[in-house]
Structures are given as structure tokens and as C-alpha cells.
Amino acid sequence: MPDPKLTIISLGCAKALVDSEILLGGLIKSQFQITQEPEEADTIVVNTCGFLEMAREESIETILAAAELKKSGNLNQLVVMGCLSERHPEELAAEIPEVDRFFGSNNHKQIVSFLTGKDFAQDDPLFFRSLMTPNHYAYLKIAEGCDNGCSFCSIPIMRGLQKSRSIESIMWEAEKLVDQGIRELLVIAQDSTSYGWDLKPKVYLDKLIKELGNLNVDWIRLHYAHPAHLSQRIIEGMAASEKVCHYLDMPIQHASDSILKSMRRGLGKEGIRNRIKKLRDTIPNIRLRTTLIVGYPGETEFEFQELYDFVKEIRFDRLGVFTYSEEEGTIAADLKDNVLAEVKNERKARIMDLQAGISAEKNMAMVGKTYKVLVDKKGNTVSVGRTEFDSPEIDNIVHIKSPVEKGEFIDVKIESSNEFELIGTPA
Ligand code: SF4
């Protein structure tokens, strides 16, 4: 009897991807054969996202597609997990009866028990992850949940308050990943800059950075910094490390004081400007990624212009924009969502146009210079990679006019560029 085939469809953020990888680690150990083709699978697990309307729709469409396979008799078991399932298990079960079981985002053992019939004791160690990323980089989740309570955000409702992992447990995992050949660790949390605040005794992110720096890894990349919590000690910890990429992902969400206050971001425009100045003074070639929300309740053309002017002034290196979507159970949901959808989309487009110009100028300034590039994909005649200034999947890429092995580092001389790409040859 061949081993049953299983597909995990992992939706949402990198933190959810780590959850899928932990589950995969448990299922592979339980003799499930993993297939990327849902049509071939006996069992499908859908890891859902509940963050924004768009993400919820995608999650439900994915579950419905798998349910069709079940109805057609091509699928034995359908299991759903993750944030949307954590939040609305009953409603989903009523709507999609083909699903055998709904789980939350932190029920790895229960899911493996349900699918294999095996029992796991409460204190049994969690499964070691089986990576779903290319095997030269991995996300390292250092905490779950969030204490910040931003008015527009439902994540604390789905993931709870912040629970930092101990430095020992993170280092244990990171060492195993590096032993597996990982060259880049991407540090993630809901708010990585408040890492360790809930631990007794309290620890700070710079201590973790120092420890990770002792590993035989090439790059350590920091994501999800909160400007209100980006302390000088963290900035200096980043600067002191040879391994920490000169890159920081720091969502600011907005730049108008009245909107930031309503968002409960804990810091105004001047504060954000000062943190960015300190960061750039301490690490002059740092590249900054940020995320913005346009169309938040009460955002008039005046507040939007404040944001637009701030983006023009700061000249972020990488930037993403979301249009505000009302999230049930959040503080902002009590506010009138009074910005029309077409106005939200128009404001998003104006910021993205501005940013495309900034990005093109910054990339132009890299032409003629040589950068260390980590190769993510090898083609027959070309390959694609990233500099230390770019995170996988979301930032710029480097097209290399030579077929270089995936996971290899190579120095590349940049010959040309456009808004979001660099083109070059091995130096
Ligand atoms: S920092 Fe704010 S936006 Fe980010 S997860 Fe926490 S509450 Fe949500």
C-alpha cells in the first residue's frame, strides 16, 4: 500500500508559513508523501489567512476548490487550519461541510493526531520544520502574537498577545537550520522590536542578534520592526553585527499625526523621522522597507498629502501600500469607513507611482557597482538572486547573465536597472 499523498496549501504571511513547515515536519515523520499537486493528494491541509478581506476571500476560495475535489471523490480528507479557521470555525463549518476538521493556527500535534491516529503528549517536543522555502534561506519566528493593539489590526484577536520564545529555543532551531545548509535567516514576529519584553527576565532583540551572529550563517535579516520600539540599542546591535543585513522592514502605516494617533501607533511623524535618521546615521547604507495604509477612516486629502510628502521626503527603498479594510472586532471598526473605495485605490496608485520613481533612481545609482548576490533561482543561461538589500518574494531582484547554482553567493557587477530590477554579470 503506497504512502498516502498530502498537500499543504499555505496562505498568508511568513509566520503562517512557519506553522505549515512545522506541520509538514510532523507529517513527513508520519510517512505522508508530500505532493505539490492537490489533484494527486489523498489529503489536503489548507492553512488560511484572516488578516484582510482579500486574504479571507482567497482562503475561502481555496477551501472551496479543495471541497470540489472531495465532492468529486478524488480526495479523502480535507483539513483547514490557521487564522481564519482560528477565528470563525463554526461559520466555516456551516458553510463548507466537506471539511473534515477545522483547527487553529497552533494545533500542529492535534492535526497530526487527527490525520495519523497517533497520540502526542502535551510536553512532547514540537516537530522540527520541513522547509517550504528554497533550502538556502528560512524564516525564524521569534515570537507569536502582539501587545500593540493598533486600531485597524485583527492579528491580536487571531494570534493573541505577544509570546516571545526563549533565546535558547530560537538558537536551538537556528543551529539546526544552519546545519541543514541555511545561509540566510529571516527574523520574523508581529513586532520583532518588542521581542523579549514579555520574558522573565526581560531580554532585548539586540541580545538575540548577537547570539545569532555567532552562527555560521551569512545573512540575518530583520523584519516587522515597529518604529515606536526601534531603540538605539537595537540599532547599535544591528550595526555591530557582521551578519545582519543593512536592511530593515519597518511598517510605519501612516505619517499624519492625527491618523497615527487614531491608529494607536504610539509615535507621531516627528518620532518616526527621528528613528529613521538615527538608523541612517548609524548604518549609512541601510535599505528601508515600509508598509502604509491609505484610506483610513477620516483620512482627508490633507492627511493623505502629509503621507505623500513624507514618502517623498524620506525616500524609502522598498514600500508596499494597503487600502484600509474594516476589520470586525477592531477599534477602528467603530469609526465610519468614510473614504470611498475608488479614492482609496487612487491614493494607493499615487503613492506607488511616486515610489516607482524613487526606486528607479536608487537602482540607477547602483549601476557600475559590484554587489554580493545570493542566488535564488538558476536558469539555463541566466540566474536570479538578491543583494543584502532585498528580501525574498517582496523586494528587488538581480538578473545575473550566467547560470549560477541556487544558494551560492556571487559578486555581480550591475550593468543596468529599472524600477524593481538590477541586471548584471559576475564580477
Ligand atoms: S504591531 Fe499593530 S499592526 Fe502589527 S500585528 Fe501588532 S497590532 Fe497588528
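Residues numbered from 1 in each chain as written. Predicted model: local features only at pLDDT ≥ 70, side-chain atom pairs only at ≥ 80, totals over all residues. Heavy atoms only, no water.

*Asks:* Would you explain the sheet that holds strand S2 (residues 33–34) in this entry?
*Replies:* Each strand in a sheet pairs with another by means of backbone hydrogen bonds, the pair being arranged parallel or else antiparallel. Judged by pairing direction, the sheet is parallel, and its five strands sit side by side in the order S2-S1-S3-S4-S5 without closing on themselves. Unpaired on one side and paired on the other, S2 and strand S5 (101–102) mark the two borders of the sheet. Across six bridges, strand S3 (residues 43–48) lies against strand S4 (residues 77–82) in parallel orientation. Bridging across to S4, Thr43 finds its partner in Gln77. Packing against the sheet, helix H5 (residues 108–116) makes contact with strand S1 (5–10), S3, S4 and S5, and its axis sits at approximately 175° to S4. (Pairing = 2+ DSSP bridges. Helix = DSSP H or I, 4+ residues; strand = E, 2+ residues; numbered from the N terminus. Contact = heavy atoms within 4.5 Å. Axes fitted to C-alpha atoms, helices over the stretch in contact; angles between N-to-C directions.)

*Asks:* Could you clarify how one ought to interpret the sheet that holds strand S6 (residues 137–141) in this entry?
*Replies:* The strand order across the open sheet built from six strands is S6-S9-S10-S11-S12-S13, with neighbouring strands paired in parallel fashion. Of all strands in the sheet, those bounded by a partner on one side alone are S6 and strand S13 (318–323). Each strand of the sheet is rotated relative to its neighbour by a mean of 20°, with strand direction disregarded. Relative to strand S10 (residues 219–222), strand S9 (residues 184–188) is paired through four bridges, and the arrangement is parallel. Across the sheet, the residue bridging to Leu185 is Ile220, located in S10. Its contacts with the sheet put helix H12 (residues 301–314) on strand S12 (287–294) and S13, and the angle it makes with S12 is roughly 170°.

*Asks:* When you look at H5 in this model, what are you seeing that I'm missing?
*Replies:* An α-helical segment advances 3.6 residues per turn. Residues three or four places apart therefore align on the same side. Buried within H5 are the following residues: His108, Lys109, Ile111, Val112, Ser113 and Leu115. On its buried face, H5 sits against S1, helix H1 (14–29), S3 and S4. Looking one or two residues past H5, Gly117 carries a phi angle of roughly 80°, positive in sign. (Buried < 20%, exposed > 50% of the residue type's maximum accessible area, 1.4 Å probe, protein only.)

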